[in-house]
Amino acid sequence: IAHPPGYPLWTMMAHGFSRLPLRNTTAAWRVNLSSAVYGALAAGTLSLGVGSWSGSPWAGVAAGGAFAFSPLVWEYSVQCEVFALNNLLCAAMLLALLRFDARRTVGRAGAGAFAVGLALSNQHTAVFFGAPFALWALLAGRTALLRPAPLLLLA
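The notes below deal with the structure included here. Here the structure is a predicted model, which is why all the values come from computation and not from measurement.

The next thing to look at is the environment of Leu94. You can see Leu94 is positioned in helix 5 (residues 83-102). When the C-alpha positions of Leu94 and Gly130 are compared, they lie 9.2 Å apart, and in sequence the two are 36 residues distant. Setting aside residues up to four positions removed in sequence, Leu94 forms contacts with Leu46 and Phe133.

Given below as structure tokens:
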């Protein structure tokens, strides 16, 4: 049982990993595996974002590799903790923001809003990423987003 605030998304996903039918493993090992998967996906998502933003796939690979092998990220990717999933969701928010910047559509804003919602259901500190991203998206895409229909879709 997770301590307050409960980390509901992580708890549900950890339960899913604990139920994987992997032979000769314990539930604890399978939940630790979830952190490794989230850490790897976070590095890959960051690589995609940096590569698209910089226009250089090699810059993306370098950024993802530097991120993945940094000591703190590595530590949280090999133990049962909420931080690897938080890293993945923050990278997903960044990628959604970059895609929205490339083409400002309601659909891409919705993808970003979904990523922010998932991140906030995992760890409350995601508000420090999500709030500035949402504010920027509303200001940058105000002609497409600040109308009643798109606002209802994003709410």
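Let us now look at the side chain of Gln123. By the secondary structure assignment, Gln123 is in the loop between helix 6 (106-122) and helix 7 (127-140). Given the relative accessible area of 6%, Gln123 is considered buried. Excluding residues that lie within four positions of it along the chain, Gln123 makes contacts with Tyr7, Val82, Phe83 and Asn86.

Taken as a whole, this structure holds one salt bridge when the rule is applied. Here Arg104 ties to Asp101 by a salt bridge, and the two come within 2.7 Å at their closest N and O atoms. A relative accessible area of 38% means that Asp101 is categorised as partly exposed.

On to the side chain of Ser47. Relative to the assigned elements, Ser47 resides in helix 2 (residues 27-54). Those residues in contact with Ser47 that sit more than four places away from it in its chain are Gly60, Val61 and Gly64.

Now for helix 5. The end-to-end C-alpha distance of helix 5 is 29 Å, a good match for the 28 Å that 20 residues give at a rise of 1.5 Å each. Most of helix 5 is tucked away, with 14 of its 20 residues classed as buried.

Here the focus is the packing of aromatic side chains. Per the stated rule, a full pass over the model turns up five aromatic pairs. Taken together, a centroid distance of 5.7 Å and an interplanar angle of 70° make the contact between Phe129 and Phe133 edge-to-face. In this pair, Phe129 and Phe133 are both assigned in helix 7, four residues apart and thus about one turn of the helix distant. The exposure class assigned to Phe129 is partly exposed, which follows from its relative accessible area of 38%. Looking at Phe133, the relative accessible area reads 18%, which means it is buried.

Take the layout of surface pockets next. What the largest pocket holds in volume is close to 270 Å³. Every residue lining the largest pocket is counted, 16 residues in all, and those nearest its centre are Ala109, Gly112, Ala113, Ala134 and Ala137. Looking at the lining of the largest pocket, the elements with two or more residues in it are helix 5, helix 6, helix 7 and helix 9 (148-154). No other element matches the five residues that helix 6 contributes to the lining of the largest pocket. Looking at the lining of the largest pocket, its residues break down into 14 nonpolar, one polar and one charged.

This part covers the packing of helix 2 against helix 3 (residues 57-68). Interhelical geometry of helix 2 versus helix 3 gives an angle of 150° and a closest axis separation of 7 Å. Seen along the crossing, helix 2 lies across helix 3 with a hand that is right-handed. Between helix 2 and helix 3, the residues in contact are Ala42, Ala43, Leu46, Ser47, Val50, Gly51 and Ser54 and Pro57, Ala59, Gly60, Val61, Ala63, Gly64, Phe67 and Ala68, respectively. Class assignment for the residues of the contact of helix 2 with helix 3 results in ten nonpolar, five polar and no charged.

Cut-offs used in this document
- Residues numbered from 1 in each chain as written.
- Predicted model: local features only at pLDDT ≥ 70, side-chain atom pairs only at ≥ 80, totals over all residues.
- Heavy atoms only, no water.
- Helix = DSSP H or I, 4+ residues; strand = E, 2+ residues; numbered from the N terminus.
- Contact = heavy atoms within 4.5 Å.
- Buried < 20%, exposed > 50% of the residue type's maximum accessible area, 1.4 Å probe, protein only.
- Salt bridge = Lys/Arg side-chain N within 4 Å of Asp/Glu carboxyl O.
- Expected span 1.5 Å × (residues − 1).
- Phe/Tyr/Trp six-rings, centres within 6.5 Å; stacked < 30°, edge-to-face > 60°.
- 1 Å grid on protein atoms, 1.4 Å probe; cavity = no way out; pocket = protein on both sides within 12 Å on 5 of 7 lines; lining within 4 Å.
- Points joined across faces, edges and corners; volume = space filled by probe spheres on them.
- Nonpolar A, V, L, I, M, F, W, Y, C, P; charged D, E, K, R; others polar.
- Axes fitted to C-alpha atoms, helices over the stretch in contact; angles between N-to-C directions.
- Left-handed = near helix turned anticlockwise from the far one by under 90°.

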